[in-house]
Amino acid sequence: MLVVGKIKKYKNMGYTIGMSSLDKKPINIQKLKEFCLINPIFKLDDSKTWTNMYDQVVLYKVNEKWEMVCAFDNDDNYAISTPPNDDLFDMSCKIADYLGLFIFGEENEIYYIPTYGKPQNHIDFEIAKSVFAENGFDINLIIEKATVEH
């Protein structure tokens, strides 16, 4: 892992990992603040002192230092996240569970389903959003219909 400024660039994954809900609603900043208050090893930085690239950055305390877990802009329905091969990926999953967010890659492959966990097969996020729009949040149906054979 390389650090450029204070934003991590990952050697093993040359693409962006995102967090978003199926309903495309903006990330609930108030709920995220609540999460960080309940879990003081996380901190929401909205001062833009850690980085000015995003309106909100969620940090996680590692050995008395703060490391970025995810970041997003106000009123956005999408956050960048740590990749699955990063030590902090489990911290991204905790946030995803609390906010009901899916973690996915640029090719729409889902890496984490909130409160469900890591999928066993390749599940397409765009297909999952379509299944949700048609049928509501039925996780078993979403997994069934959005699973892509490779």
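Residues numbered from 1 in each chain as written. Predicted model: local features only at pLDDT ≥ 70, side-chain atom pairs only at ≥ 80, totals over all residues. Heavy atoms only, no water.

Caption draft 1: Inspection of unusual backbone geometry at higher detail. Phi is positive for K24, close to 65 degrees, though the residue is something other than glycine. Its location among the elements puts K24 in the loop between β3 (17-20) and α1 (29-38). On the accessibility criterion, K24 (51% relative accessible area) is exposed. A positive phi is found at N63, a non-glycine position, where the angle reads about 50 degrees. As for its position among the elements, N63 is in the loop between β5 (56-62) and β6 (65-72). We classify N63 as exposed; its relative accessible area is 71%. (Helix = DSSP H or I, 4+ residues; strand = E, 2+ residues; numbered from the N terminus. Buried < 20%, exposed > 50% of the residue type's maximum accessible area, 1.4 Å probe, protein only.)

Caption draft 2: Main features of the pattern of salt bridges. Tallied over the full model, the rule gives four salt bridges. Between E67 and K65 there is a salt bridge, with the nearest N and O atoms lying 3.9 Å from each other. In this structure K65 comes out as exposed when scored by relative accessible area, which is 51%. (Salt bridge = Lys/Arg side-chain N within 4 Å of Asp/Glu carboxyl O.)

Caption draft 3: Summary view of the side chain of D86. Along the polypeptide, D86 turns up in the loop between β7 (78-81) and α2 (89-99). At a separation of 2.7 Å, a polar atom in the side chain of D86 contacts the main-chain amide nitrogen of L88. (Polar contact = N/O pair within 3.5 Å; in protein donor to acceptor, adjacent residues only side chain to side chain.)

Caption draft 4: Expanded view of the packing of aromatic side chains. Applying the stated criterion to the full structure yields six aromatic pairs. When the centroid spacing of 4.2 Å and the interplanar angle of 10 degrees are considered together, the rings of F104 and F125 count as stacked. Here the residue F104 occupies a position in strand β8 (residues 102-105), and F125 occupies one in helix α3 (residues 125-135), the gap between them amounting to 21 residues. As far as burial versus exposure is concerned, F104 and F125 are alike and both buried. (Phe/Tyr/Trp six-rings, centres within 6.5 Å; stacked < 30°, edge-to-face > 60°.)

Caption draft 5: Representation of helix α4 (residues 139-146) within the structure. Every buried residue belonging to α4 is among I139, I142, I143 and A146, and all of these are buried. With its buried residues spanning 95 degrees around the axis, α4 presents them on a single face. Exposed side of α4, more than 90 degrees from the buried face: N140 and E144 are the residues found there. Buried residues along α4 sit in contact with β8 and α3. (Arc of directions from axis to C-beta. Contact = heavy atoms within 4.5 Å.)

Caption draft 6: Here's a closer look at the nonpolar core. Membership of the largest hydrophobic core comes to 26 residues, with the highest contact counts inside it found for M19, L32, F42, V58, V69, I95 and I103. Listed by contribution, the elements that provide at least two residues to this core are β3, α1, β4 (42-45), β5, β6, α2 and β9 (110-112). When residues of this core are assigned to their parent elements, the largest contribution, six residues, is made by α2. (Core = buried A, V, L, I, M, F, W, Y, C linked by side-chain atoms within 4.5 Å.)

Caption draft 7: Broad picture of the sheet that holds β4. Pairing is antiparallel across the open sheet formed by seven strands, whose spatial order is β4-β5-β6-β7-β3-β8-β9. The outermost strands of the open sheet, each flanked by one partner alone, are β4 and β9. The average angle at which neighbouring strand axes cross in this sheet is 35 degrees, direction not considered. Bridge analysis of β8 against β9 gives two bridges, and the strand direction is antiparallel. Looking at the pairing, F104 lines up with I110 of β9. (Pairing = 2+ DSSP bridges. Axes fitted to C-alpha atoms, helices over the stretch in contact; angles between N-to-C directions.)

Caption draft 8: Inspection of the confidence of the model for the protein at higher detail. Looking at the protein, the pLDDT average stands at 88 and 90% of residues meet or exceed 70. In the predicted structure, residues 1-13 sits below a pLDDT of 50 and forms 29 contacts with residues beyond four places in sequence or in another chain. (pLDDT = per-residue confidence, 0-100.)

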